[in-house]
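# Reading the structure
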Amino acid sequence: MYRRRVLALCGLAIIGAGCQGETADTETVTPVRSPVVSETDTGPPPAVTVTDAAVMPGVVVPGTDSITVQPADGQFIVLTTTIRGSGVDRTAFSLRFDGSTYSPETFRNGLYRDGEWGRQFTETGGPLVFNLPETGSASDTQLSWPGGKWTPPEAVRDRLQIPLPSFDITLGGPEQVTEPAKPTLSITVTNTGDTAGRYVIALNRTGPRVAYAPVGRFDGKLKPEETAVITHDGKTPYVDDTEPREVIYRLRAPKDYNDATHRIKPVDEETATES
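Residues numbered from 1 in each chain as written. Predicted model: local features only at pLDDT ≥ 70, side-chain atom pairs only at ≥ 80, totals over all residues. Heavy atoms only, no water.

### Notes on the side chain of arginine 113
This is how it is decided: By the criteria applied, helices consist of DSSP H or I runs no shorter than four residues and strands consist of E runs no shorter than two, each listed in order from the N terminus. Each residue is assigned to one of three classes by its accessible area relative to the maximum for its type, calculated with a 1.4 Å probe on protein chains only: buried under 20%, partly exposed between the two thresholds, exposed over 50%. Here Asp and Glu are counted as negative and Lys and Arg as positive; His is not counted, and neither are the chain ends. The rule for a salt bridge is simple: a side-chain nitrogen of Lys or Arg has to be within 4 Å of a carboxyl oxygen of Asp or Glu. Any pair of nitrogen or oxygen atoms within 3.5 Å is treated as a polar contact; in protein, a donor-acceptor pairing is required on top of that, and neighbouring residues in sequence qualify only through side-chain atoms on both sides. Contacts: residue pairs with any heavy atoms within 4.5 Å of one another.
Relative to the helices and strands, arginine 113 resides in strand S8 (residues 111-113). Although arginine 113 is buried, it makes no salt bridge; aspartate 52 carries the closest opposite charge, 5.7 Å away. Here the side chain of arginine 113 touches threonine 80 through a polar contact of 3.2 Å, side chain to side chain. Once residues within four sequence positions are removed from consideration, arginine 113 is found in contact with Val78, Thr80, Arg119, Pro127 and Arg217.

So this is what it looks like as structure tokens:
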């Protein structure tokens, strides 16, 4: 957090950057040299910019060797920030919502974003996540920090005031493949609620020759009854003779959304000939 300059008091008043004394019977101002006690000013207050704001049912976080979705108690608002100048500590931020003030959430391993393992808020900015009630008045919603404030746009405030919709999620693809073909996975997401909202899911892979590995984070916004299909080029189970010769994909989603598992096995030559 930036620090203010400490100056020694001189005379009866401090004017500008130095101490100046004024005689009782004239308007003549005589400069008086002021001894400096300490100088710790590092420049002007930092400039904080919020580059993105999203209301979500959860956030994707990394574990030891996989990723999962950390659900919100009610709803998360995720703010992406950039900071120029002297850094502001994450704990200096607060968010006002429905008459209460909230502090940013702490995730031990940070967030998983765009393939980056453990994204954290730093002195140059980053994600700020606030865990808010499921509904509430957003008329007073405002992000504050020492020396500044930011009000979310109207669309974000409107989204905060109503419950997030529910989603139906399925994971599909071939159950068997022949060499050298590679499987294509499909994730189908349908908004089954009455309002538009954002979904977020995490996908991991087991095998071949991998105990656990993250595949990716997927999120998007859908209108009521709207469906999105996400495709992903999967791994072939034909790597070597190591058993089991299969690939398993595991999808994780927040709250009561559908978790899913899909297993892909190789087709051996005998089976392929019979078919």
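### Quick word on the nonpolar core
Rules: In this description, a nonpolar core means a group of buried Ala, Val, Leu, Ile, Met, Phe, Trp, Tyr and Cys residues linked to one another through side-chain atoms lying within 4.5 Å.
Ranked by size, the top nonpolar core spans 23 residues in total, and within it Ile169, Ile187, Val189, Ile201 and Leu251 carry the most contacts. Residue assignment for this core shows that the elements contributing at least two residues are strand S13 (167-172), strand S15 (184-191), strand S16 (197-206), strand S17 (213-222), strand S18 (227-233), strand S19 (247-252) and strand S20 (260-266). Not counting residues within four places of it along the chain, the set of residues in contact with isoleucine 169 comprises Ile187, Thr188, Val189, Ile201, Leu251, Ala253, Tyr257 and Asn258. The next biggest cluster of nonpolar side chains, apart from the first, holds 22 residues, and it includes Val55, Leu79, Val88 and Leu164.

### Concerning the packing of aromatic side chains
Within a pair of aromatic rings, the relevant descriptors are the distance that separates the centres and the angle that separates the planes. Quick note on the threshold: A pair of Phe, Tyr and Trp rings is counted when the ring centres sit within 6.5 Å of each other, with Trp represented by its six-membered ring. The angle between the planes then sorts it: under 30 degrees is stacked, over 60 is edge-to-face, the rest tilted.
Per the stated rule, a full pass over the model turns up five aromatic pairs. Summarising the aromatic geometry, the rings of phenylalanine 76 and phenylalanine 107 are spaced 6.2 Å apart at their centres and angled 80 degrees between planes, so their arrangement reads as edge-to-face. On the criterion of sequence distance, the pair formed by phenylalanine 76 in strand S5 (residues 67-84) and phenylalanine 107 in the loop between strand S7 (100-102) and S8 is long-range, its members being 31 residues apart. The same class applies to phenylalanine 76 and to phenylalanine 107, which are both buried. Their ring planes at 90 degrees and their centres at 5.9 Å tell us that tyrosine 112 and tryptophan 117 sit as a pair that is edge-to-face. For tryptophan 117, a relative accessible area of 40% translates into the label partly exposed.

### Some remarks on the sheet that holds S18
Spelled out, the test is: Strand pairing is assigned whenever DSSP identifies at least 2 bridges connecting the two strands. Lines fitted to C-alpha atoms define the axes, with helix axes restricted to the stretch in contact, and inter-axis angles between N-to-C directions lie between 0 and 180 degrees.
Taken in spatial order, the three strands make up an open sheet running S13-S15-S18, and their pairing is antiparallel. Either end of the sheet is taken by a strand with one partner, and the two such strands are S13 and S18. Between one strand and the next, the sheet's axes are offset by a mean angle of 15 degrees, whatever the strand orientation. Two elements, S15 and S18, share seven bridges in a ladder whose sense is antiparallel. Paired with threonine 188 across the two strands is valine 229, which belongs to S18.

### Observations regarding the sheet that holds strand S10 (residues 125-132)
Within a beta sheet, neighbouring strands are joined by backbone hydrogen bonds and run either parallel or antiparallel to one another. In spatial order, the strands read S4-S5-S10; together these three strands make up an open sheet with antiparallel pairing. Strand pairing shows two members of the sheet lacking a second neighbour, strand S4 (47-62) and S10, which therefore form its edges. Each strand of the sheet is rotated relative to its neighbour by a mean of 30 degrees, with strand direction disregarded. Two strands pair when backbone bridges link them, and S4 and S5 are joined in this way by 14 bridges, in the antiparallel orientation. Counted as the bridge partner of valine 55 is isoleucine 77 from S5.

### Regarding the pairing of strand S6 (residues 94-97)
Burial along S6 is one-sided: Leu95 and Phe97 are buried, and none of Ser94 and Arg96, which face the opposite way, are. Sheet topology note: the S6/strand S11 (residues 142-145) ladder contains three bridges and is antiparallel. Residue pairing for S11: serine 94 is matched across the bridge by serine 144. Note: S6 against S7, three bridges, orientation antiparallel. Bridging across to S7, arginine 96 finds its partner in threonine 101. What sits between the antiparallel neighbours S6 and S7 is a turn of two residues, in which aspartate 98 has the positive phi angle 50 degrees.

### Side note on the layout of surface pockets
To keep things clear, this is the line we draw: Lining residues are defined by having an atom within 4 Å of a point belonging to a cavity or pocket. Those points lie on a 1 Å grid over the protein atoms alone, cavities being sets where a 1.4 Å probe fits but cannot get out and pockets being open sets with protein on both sides within 12 Å along at least five of seven lines. Grid points are joined across faces, edges and corners, and a volume is the space filled by probe spheres set on the points. Classification convention: Asp, Glu, Lys, Arg as charged; Ala, Val, Leu, Ile, Met, Phe, Trp, Tyr, Cys, Pro as nonpolar; all other residues, Gly among them, as polar.
Considering only enclosed or pocket space, the largest pocket measures out at about 220 Å³ in volume. Looking at the largest pocket, it is lined by 17 residues, and the ones nearest its centre are Arg90, Glu105, Gln120, Phe121 and Pro127. Take the lining of the largest pocket: its biggest share by element is three residues, from S10. Residues belonging to the lining of the largest pocket are distributed by class as follows: eight nonpolar, four polar and five charged. Considering only enclosed or pocket space, the second largest pocket measures out at about 160 Å³ in volume. Forming the boundary of the second largest pocket are Ala53, Ala54, Val55, Ala155, Val156, Arg159, Gly197, Arg198 and Lys221. Taken together, the elements giving at least two residues each to the lining of the second largest pocket come down to S4, helix H1 (154-160) and S16.

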